[in-house]
Amino acid sequence: MAPGVARSVSVLPEPGPALARFVAQRAAAAGGGRFALGLSGGSLVELLTRHLPPAIAAGPAAPARWLLAFCDERLVPPEHPESTAGAYQARLLPRLPGPGPRVLAPSPGLAPAAAAADYAAKLRQAFPGEDVPVFDLLVLGVGPDGHTCSLFPGHPLLQEKETIVAAITDSPKPPPERITFTLPVLNAARAVVFVASGEGKAAVVKRILEGDEENPLPAARVQPHSGQLCWILDEAAAKELTIPVEKHSIP
Ligand SMILES: O=C1O[C@H](COP(=O)(O)O)[C@@H](O)[C@H](O)[C@H]1O
């Protein structure tokens, strides 16, 4: 792990409520200012849809002050079941207290390169004066192969240092056409929280958190330059770890 990165690993019977509390706490800490939040898709959609609304209702975090963006998106119509933005807009947003967040979503119906350029332009407009958008919190998942967002092992996009949003047309995980935040955006965040559940993630979680690989997996390359890095795991995903972990608590 990169020196200077403050990392915590929490293991809980059910990560959902802990993740929701973490998001709510970071949002409340933004006080009266904007809270820039990036969400990933996959299993996180259901987790956040179920647990974030009650966590927000219980505290001072006001979604009206949020800027909500998506860390990656599959290039399918918004109503398609694989659309991350479509899933959150249909399932989570209606359950947040109004008025809801300002949402930055990729424009549908564009070819991959145009979709990436369009979303990057939206981000630059939302983060004026920042060469790389600095999110207050990015919520990331990790695939069994170690991918995060739509950054996949061995893919040239891992070397991308200039663009903030990139297009991929050969995703090994369907659908093939996607756009994704690049590592500069992920590593500029003030806080990053990874969530992984299930035995199927145990081996890759061990590789990421305990390995010291010459060619690190995408999720292992997320080392926020000056931010906080947290992992929230269930017991099955953590079962191969030998490093010290926080049991039943989040930072
Ligand atoms: O395809 C994707 O996969 C990752 C991991 O998903 P999970 O269901 O294994 O948690 C997800 O974080 C990303 O947003 C998505 O596009």
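Since this is a predicted model, take the numbers as computed values, not measurements. (Residues numbered from 1 in each chain as written. Predicted model: local features only at pLDDT ≥ 70, side-chain atom pairs only at ≥ 80, totals over all residues. Heavy atoms only, no water.)

(A) Just the overall build of the protein chain, in detail. When its secondary structure is counted, the protein chain shows 6 helices and 11 strands. Relative to the compact-globule value of 18 Å for 251 residues, the protein chain shows a C-alpha radius of gyration of 17 Å, a close match. With respect to the principal axes defined by its C-alpha atoms, the protein chain has extents near 45 × 45 × 35 Å. A fraction of 78% describes how many contacts in the protein chain between residues 6 or more apart in sequence connect residues 24 or more apart. Accessible surface, the protein chain: about 10,400 Å² in total, of which carbon and sulfur atoms supply 54%. Separation of charge centres in the protein chain, based on 22 positive and 24 negative side chains, amounts to 6 Å. (Helix = DSSP H or I, 4+ residues; strand = E, 2+ residues; numbered from the N terminus. Rg over C-alpha atoms; globule rule 2.2 N^0.38 Å. Contact = heavy atoms within 4.5 Å. Areas by Shrake-Rupley, 256 points an atom, 1.4 Å probe, with all protein chains shown as cover. Lys, Arg positive; Asp, Glu negative; His and termini not counted. Charge placed at Lys NZ, Arg CZ, Asp CG, Glu CD.)

(B) Spotlight on the site of the ligand. The full set close to the ligand counts 13 residues, and G41, S43, D72, H147 and K201 are the nearest of them. H147 has a polar side-chain atom sitting 2.8 Å from an oxygen atom of the ligand. The separation between an oxygen atom of the ligand and a polar side-chain atom of R178 is 3.1 Å. Tallied by class, the residues present in the shell around the ligand amount to 2 nonpolar, 6 polar and 5 charged. (Near = heavy atom within 4 Å. Polar contact = N/O pair within 3.5 Å; in protein donor to acceptor, adjacent residues only side chain to side chain. Nonpolar A, V, L, I, M, F, W, Y, C, P; charged D, E, K, R; others polar.)

(C) Highlighting the UniProt feature "domain: Glucosamine/galactosamine-6-phosphate isomerase" (unreviewed entry) in the protein chain. As recorded in UniProt, the sites labelled "domain: Glucosamine/galactosamine-6-phosphate isomerase" (unreviewed entry) are residues 19-231. Secondary structure over residues 19-231 splits into 30% helix and 18% strand, and the C-alpha atoms at its two ends are 10 Å apart. (UniProt positions renumbered as here; feature names shortened; annotations may be inferred.)

(D) Layout of the pattern of salt bridges. Inspection of every chain in the model, using the stated rule, returns 9 salt bridges. When the shortest N-O distance is used, the salt bridge between K122 and D118 registers 3.8 Å. Within this pair, K122 and its partner D118 are both found in helix α4 (residues 112-126), separated by 4 residues, close to a single helical turn. Residues joined in a network through salt bridges with shared partners are E46, R50 and R91. (Salt bridge = Lys/Arg side-chain N within 4 Å of Asp/Glu carboxyl O.)

(E) Representation of the packing of aromatic side chains within the structure. Counted by the stated rule, this structure contains 6 aromatic pairs. Between the aromatic rings of F127 and F135, the centroid separation amounts to 4.9 Å while the plane-to-plane angle is 50°, which identifies the pairing as tilted. Under the relative-accessibility criterion, F127 is labelled buried at 1%. Their ring planes at 40° and their centres at 5.4 Å tell us that F135 and F181 sit as a pair that is tilted. Here F181 lies in strand β8 (residues 178-181) and F135 lies in the loop between α4 and β6 (137-141), a separation of 46 residues in the sequence. In this structure, F135 and F181 share a single accessibility class: buried. An aromatic cluster is defined as three or more aromatic residues linked by ring pairs; in this entry it consists of Y119, F127, F135 and F181. The side chain of R34 reaches across the aromatic face of F127, ending 4.6 Å from its centre. (Phe/Tyr/Trp six-rings, centres within 6.5 Å; stacked < 30°, edge-to-face > 60°. Buried < 20%, exposed > 50% of the residue type's maximum accessible area, 1.4 Å probe, protein only. Lys NZ or Arg CZ within 6 Å of the ring centre and 35° of its normal.)

(F) The arrangement of helix α3 (residues 84-91) in detail. Residues of α3 that are buried include every one of T84, A85, G86, A87 and Y88, and no others. At its buried positions, α3 is contacted by β2 (35-39), α2 (43-57), β3 (66-70) and β4 (72-74). The opening residue of α3 is S83, an N-cap whose side-chain oxygen sits 2.9 Å from the backbone nitrogen of G86.

(G) Summary view of α2. Its 15 residues give α2 an end-to-end C-alpha distance of 22 Å, which sits within 8% of 21 Å, the value for a rise of 1.5 Å per residue. At H51, α2 shows its maximal bend, which comes to roughly 35°, and the proline P53 appears one to four places after that position. Here α2 has its buried residues at L44, V45, L47, L48, T49, H51, L52, P53, A55 and I56. On its buried side, α2 packs onto α1 (15-29), β2, β3, α3, β6 and β9 (191-196). (Expected span 1.5 Å × (residues − 1). Bend = angle between axes of the 7 residues up to and from the residue.)

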